[in-house]
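Coordinate analysis (summary)
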Amino acid sequence: MGRFEQANHILYDYGLLNELNKYGKTHIIGSYKMNLMAWNDLDIDVENDSMSLEKLHKLTSYILQNFNPTWYEAKEEINEQGNKIWFHGFEFYLSGERWNTDIWFLDKGTIEKAEKYCDNISEKVRNNESLRTAIIEIKQDLICISLYAFDKFTSLDVYDAVLNKGILRADEFIENYVESN
């Protein structure tokens, strides 16, 4: 089963998408949406019009029971604009492979910006297989040398390098990004 098939298995067969729809309008974003998955990662935004601490606990129970995560975090916080946001992040194993899932409960405007960003990237790579391949391969190479992580380089860095700076290989990325930091 390929990465996208596994992601669909999580979303539909495990029922994650159906469960999240109980809490608000769900938007699958990130590399899944853009067809640029380099590793087992799902990013999901949910409009948080009616999220509460009680619902956070209920969703926590669902995730713990259905995914048996090896890592789990759920929290309520206030963002820079003073809005309440909610986060659920967890890792679990599916067919012997580790999967990471990040679920953010955000306001509609923030989600629309994220979707617009994803749509823009998708449009740029839609008919250019060499750009799509470069993005995925650079991500995979950075993962292999532990430079692709939240506190290091992210997908946004790779998209910028490939689409705005013409960098098509990991060695070029490292030369231009890692060595300059």
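Look above for the structure.
Report follows, based on the coordinates. It should be emphasised that the depicted structure is a prediction, and the values quoted were computed from it without experimental measurement. (Residues numbered from 1 in each chain as written. Predicted model: local features only at pLDDT ≥ 70, side-chain atom pairs only at ≥ 80, totals over all residues. Heavy atoms only, no water.)

**Observations concerning the overall build of the protein chain**
Applied cut-off: Going along the chain from the N terminus, every DSSP run of H or I of four or more residues is numbered as a helix, and every run of E of two or more is numbered as a strand. The globule rule used here is 2.2 Å times the number of residues to the 0.38 power, and the radius of gyration it is set against is calculated over C-alpha atoms. Accessibility here uses a 1.4 Å probe with only protein chains present; expressed as a share of the type maximum, an area under 20% marks a residue as buried, one over 50% as exposed, and anything in between as partly exposed. Residue contacts are defined here by distance: any two heavy atoms, one from each residue, within 4.5 Å place the two residues in contact. Every accessible area reported is derived by Shrake-Rupley at a probe size of 1.4 Å, with residue values counting cover from the shown protein chains alone.
Regarding its fold elements, the protein chain presents eight helices and five strands. Each helix and strand of the protein chain, ordered N terminal to C terminal, gives the series α-α-β-α-β-α-β-β-β-α-α-α-α. The C-alpha radius of gyration of the protein chain comes to 17 Å, within 12% of the 16 Å expected for a compact globule of 181 residues. Seen through its principal axes, the protein chain has C-alpha atoms that stretch 50 × 40 × 30 Å. Evaluated residue by residue, the protein chain yields a buried proportion of 45% over its 181 residues. Put simply, of all contacts in the protein chain between residues at least 6 apart along the chain, 58% involve residues at least 24 apart. Entry remark: accessible area of the protein chain is about 9,900 Å², with carbon and sulfur atoms responsible for 46%.

**Some remarks on the nonpolar core**
Selection rule: What makes a nonpolar core is a set of buried Ala, Val, Leu, Ile, Met, Phe, Trp, Tyr and Cys residues whose side-chain atoms join them at distances within 4.5 Å.
In terms of nonpolar packing, the biggest core is built from 26 residues, with I10, L16, L20, F67, W99, I103 and F105 touching the most fellow members. Secondary structure elements with two or more residues in this core: α1 (3-13), α2 (16-20), β2 (41-47), α4 (53-67), β4 (84-94) and β5 (97-106). Per-element accounting of this core gives the leading share, five residues, to α4. Each residue touching L20, except ones within four places of it in the same chain, is listed here: T26, I44, V46, L59, I103 and F105. Ranked by size, the runner-up nonpolar core spans 24 residues in total, among them I29, A38, C118 and V162.

**A few points about the sheet that holds strand β3 (residues 71-78)**
The line we're drawing: The pairing criterion is simple: DSSP has to find at least two bridges between the two strands. For helices, the axis comes from a line fit to the C-alpha atoms of the stretch in contact; other axes are also lines fit to C-alpha atoms, and the angle between any two N-to-C directions lies between 0 and 180 degrees.
Within the open sheet, the five strands sit side by side as β1-β2-β5-β4-β3. Their pairing is mixed. Each having just a single partner strand, β1 (26-29) and β3 make up the two edges of the open sheet. The mean angle between the axes of side-by-side strands here comes to 15 degrees, regardless of whether they run parallel or antiparallel. Relative to β5, β4 runs antiparallel, the two being bridged by nine bridges. Each bridged residue has a counterpart across the sheet, and for W86 the counterpart in β5 is F105. Relative to β5, α1 is tilted by about 55 degrees, and along the sheet it contacts β1, β2, β4 and β5.

**A few points about the side chain of K139**
The cut-off we apply is this: His is not counted, nor are the chain ends; Lys and Arg add positive charge and Asp and Glu add negative charge. Salt bridges are identified by distance alone: a Lys or Arg side-chain nitrogen within 4 Å of an Asp or Glu carboxyl oxygen.
With respect to the element layout, K139 can be found in helix α6 (residues 129-144). This buried residue, K139, is left without a salt bridge; D41 holds the nearest opposite charge, at 7.5 Å. Ignoring sequence-local partners within four residues, the contact set of K139 consists of S31, L36, A38, Y148, S155, V158 and Y159.

**A word on the side chain of N48**
Rules: For the purposes of these results, a polar contact is taken to be a pair of N or O atoms within 3.5 Å, where, inside protein, one atom must be able to donate a hydrogen and its partner to accept one; residues adjacent in sequence count only when each atom of the pair is a side-chain atom.
When you line up the elements, N48 lands in the loop between β2 and α4. Residue classification places N48 among the buried residues on the basis of a relative accessible area of 12%. A distance of 2.9 Å separates the side chain of N48 from the backbone oxygen of K84, its partner in a polar contact. At 3.4 Å, the side chain of N48 and the backbone oxygen of F105 are in polar contact. When neighbours within four sequence positions are excluded, N48 is seen to be in contact with K84, I85, W86, F105, L106 and D107.

**Focus: helix α7 (residues 155-165)**
This is how the line gets drawn: Taking the helix axis as origin, the arc is that swept by the directions to the C-beta atoms.
Residues of α7 that are buried include every one of S155, V158, Y159, A161, V162 and L163, and no others. For α7, the buried positions fall inside an angular range of 165 degrees around the axis, keeping them on one side. Along α7, the residues that are exposed and aim more than 90 degrees away from the buried face are N164 and K165. Backbone geometry just after α7 places G166 at a positive phi near 70 degrees.

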